[in-house]
Amino acid sequence: MSNKLSFWKGKKVLLTGHTGFKGTWMSLMLEALGAEVCGYSLPLSEYSFYSKSGATVTEHHEGDIADRQKLERVITGFKPEIVIHLASHSSLDGSDKIPDFILRTNIMGVVNLLDISRSLEYIKSIVIVTSDKCYRNLESEKPYVEECELGGEDPYSVSKVCQELISNCYLKTFYEQGKGNACIATARASNVIGVGDYNISRLMPYLLDSFVNGRTPQIRNPHAVRPWQYVLDVAYGYLLLAERLYDSAGITTQYNGAYNFGPEEDGFVQVGQVAEMVGRCFGNTAYVRQQGQGSIRKETNILKLDSTKAKTTLNWKNQKNFEETIASIVNCIKQEKAGVSIVDLCQAQVCEYLEGVK
């Protein structure tokens, strides 16, 4: 597929979850590409990364993705050509505390979006962002491919499995039976890292918060292998997928389905090694192993994705390796602490990335 960045100029895009971590970077990228973006997210906090980053959209709407009536009013009012669905509870955190909210938000959000969209002829492309946590945990070194068995035990993982099953259900029942005009795909990404993630229940924000403030991080499971990749690499993968679906609408359904977006081999790194790498950037490699469980949630020790399909079908690849990603994040945080505008830093990162993929 051509990497013509001009494709996005003037395209009408509904971006749900546009004020979240990935949503903010997607908003910044789409703005730089000249798209018209309608954002739909929960009420915005003045301390959020979206507020700090200077991201702007054509239309900004606040609402619950599980509120069908409000979502339908926004969609039919804006009339998007492309839908990128990011609005979900986005981590394992809370699985044992707010399971009802996680399940309702993640499941009904997809149901509402696809059910509304199936009767709207102007929508040509729909990307539903799920997670690598949708795969049944085999504790295997072998990377998961898109055809691997789905499965989950905690509310978050189960909700991601449901998002996949619901998307496939609507795809096969409606969109591939001549009743819908759009092409649909799900995107399964790994642990995405970058500037602006303030959820310290996740490793990278926790490490950065600890080292910036002179604290020694405590690591629960330092030998667990996780996949790590740069947020803009993943966001650009979603855009390539959305573009391919758009170009295929009404022509072929062969690009419908699931796509993995994972890192290269260097991005599969033990948690303890990540802590050491971040620490070295701050001149301190120390961390201690946390004693006790601290949570009832079960975690996999290893989870790898095979992204061959995205590479061959979409011509997608990660532009930054893991060490470059870490260095870029830490450098940005240090510059912000030194007084450089975070708005300028974010715009510079997006511009640098888009120049790289040209």
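Residues numbered from 1 in each chain as written. Predicted model: local features only at pLDDT ≥ 70, side-chain atom pairs only at ≥ 80, totals over all residues. Heavy atoms only, no water.

The end-to-end C-alpha separation of helix H7 (residues 231-248) is 26 Å, in line with the 26 Å expected for 18 residues at 1.5 Å each. Here H7 lies mainly inside the structure; 16 of its 18 residues are buried. Note on H7: the residue one or two positions beyond its end, Gly250, has a positive phi of about 80°. (Helix = DSSP H or I, 4+ residues; strand = E, 2+ residues; numbered from the N terminus. Expected span 1.5 Å × (residues − 1). Buried < 20%, exposed > 50% of the residue type's maximum accessible area, 1.4 Å probe, protein only.)

A few words on the pairing of strand E4 (residues 82-85). Along E4, one buried face is formed by Ile82 and Ile84 and the opposite face, lined by Val83 and His85, is buried too. With four bridges joining them, E4 and strand E5 (residues 125-129) adopt parallel strand pairing. Residue pairing across strands places Ile84 opposite Val127, the latter belonging to E5. (Pairing = 2+ DSSP bridges.)

Here we come to the pattern of salt bridges. Counted under the stated rule, the structure contains 15 salt bridges. A salt bridge links Arg68 to Asp115, with the nearest nitrogen and oxygen atoms 2.7 Å apart. With a gap of 47 residues between them, Arg68 in helix H3 (residues 68-78) and Asp115 in helix H4 (residues 99-117) connect regions that are remote in the sequence. You can call Arg68 partly exposed: its relative accessible area is 31%. Asp115 gets classed as buried once you look at its relative accessible area, which sits at 17%. (Salt bridge = Lys/Arg side-chain N within 4 Å of Asp/Glu carboxyl O.)

One open sheet accounts for seven strands, arranged E3-E2-E1-E4-E5-E6-E10; its pairing is parallel. With one partner strand each, in any of the chains shown, strand E3 (59-62) and strand E10 (257-261) form the two edges of the open sheet. Along the sheet, successive strands turn relative to each other by an average axial angle of 15°, direction set aside. Alignment of strand E2 (residues 36-41) against E3, held across four bridges, turns out to be parallel. Within E3, the position partnered with Cys38 by the bridge is Glu59. Sheet strands touched by H3: strand E1 (12-16), E2 and E3. Its angle to E2, the strand with the most contacts, is close to 175°. Each of E4, E5, strand E6 (183-189) and E10 is contacted by H7, which is oriented at about 165° to E6, the strand it contacts most. (Axes fitted to C-alpha atoms, helices over the stretch in contact; angles between N-to-C directions. Contact = heavy atoms within 4.5 Å.)

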